[in-house]
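# Summary of structural features
Residues per chain are reported as follows:
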Amino acid sequence: KIAYIVIPKVDNAEQIDAAIKHINLIAKKYGREHLPIHVLIETHNALANVDQIAALQQVECLSFGIMDFVSSHYGAIPSNAMRSPGQFSHPLIMRAKLEISAACHRYGKTPSHNVTTEIKDTATVAGDATRAMLECGYTRMWSIHPDQIKPILRAMSPRSSEINEAVTILSTAQQEQWGPIQVNGRLHDRASYRYYWMLLKKAQMSQITLPENAQNFL
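Presented here is an overview of the structure given in this document. (Residues numbered from 1 in each chain as written. Predicted model: local features only at pLDDT ≥ 70, side-chain atom pairs only at ≥ 80, totals over all residues. Heavy atoms only, no water.)

Next up on the list: the state of the cysteines. Counted according to the given criterion, the structure contains 0 disulfides. Looking at cysteine 104, it has no disulfide partner, and the nearest cysteine sulfur is the one in cysteine 61, 6.5 Å off. (Disulfide = S-S within 2.5 Å.)

Note that strand 3 (residues 59–64) and strand 4 (residues 110–113) share 3 bridges and pair parallel. Bridging from a neighbouring strand, leucine 62 pairs with proline 111 of strand 4. Where strand 4 and strand 5 (residues 140–141) come together, 2 bridges link them in parallel fashion. When the bridges of strand 5 are listed, histidine 113 appears paired with methionine 141. Following the backbone out of strand 4, through helix 6 (residues 122–136) and into the adjacent parallel strand 5, one traces a crossover that is right-handed. (Pairing = 2+ DSSP bridges. Helix = DSSP H or I, 4+ residues; strand = E, 2+ residues; numbered from the N terminus. Right-handed = clockwise from strand over helix to strand, strands pointing away.)

Taken in spatial order, the 5 strands line up as 1-2-3-4-5 in an open sheet, and their pairing is parallel. Here the strands that pair on one side only, and so sit at the sheet edges, are strand 1 (5–7) and strand 5. Note: strand 2 (residues 37–41) against strand 3, 5 bridges, orientation parallel. When the sheet's bridge partners are listed, isoleucine 37 is paired in strand 3 with valine 59. Lying on the sheet, helix 1 (residues 13–29) is in contact with strand 1, strand 2 and strand 3; it crosses strand 1 at an angle near 150°. (Contact = heavy atoms within 4.5 Å. Axes fitted to C-alpha atoms, helices over the stretch in contact; angles between N-to-C directions.)

Spelled out as structure tokens, the structure:
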């Protein structure tokens, strides 16, 4: 059963909309409707139109095609920007990553980070996934080899220290009837409560074993 369909090499939302209509016609014949669509952003025009692409209702995820994007600059971006550390320091690459991520978050879609070309070096894979999440706001990442899957999942899952902090803050807030509180000298209010609640939900979806009292908030 098809989980989703990826559309590559696009330039604008109109192209994707036309492709989606064609996909829907074929899918309907086989009893499927509204298949999730993932779009690869890997051209200049696609990046320029990334907000309109992310706004399309059936689009679920945007992924960054870093290798084609670098190649489309015809040598103006060096090849080391296709991998770390260059991919996290070159301004044009970081601009592309951030615009894709921002568009996804604006429209409630999933931003998926580009591949790591180091297949066997799991430390590099984990490091790239961590930086993609912490520095660029990506919540998923492509793998190109089975050995990359576990390091990516671990890197993008909440740490135990974060989970414990979330439980402490939410428990304290609950005792104060969700008014503003201070924990370890820092202010927390409903905005941060929402953040820590989402962190626990993310841990739950990642099938992490949570503290028993975390269930009070899920």
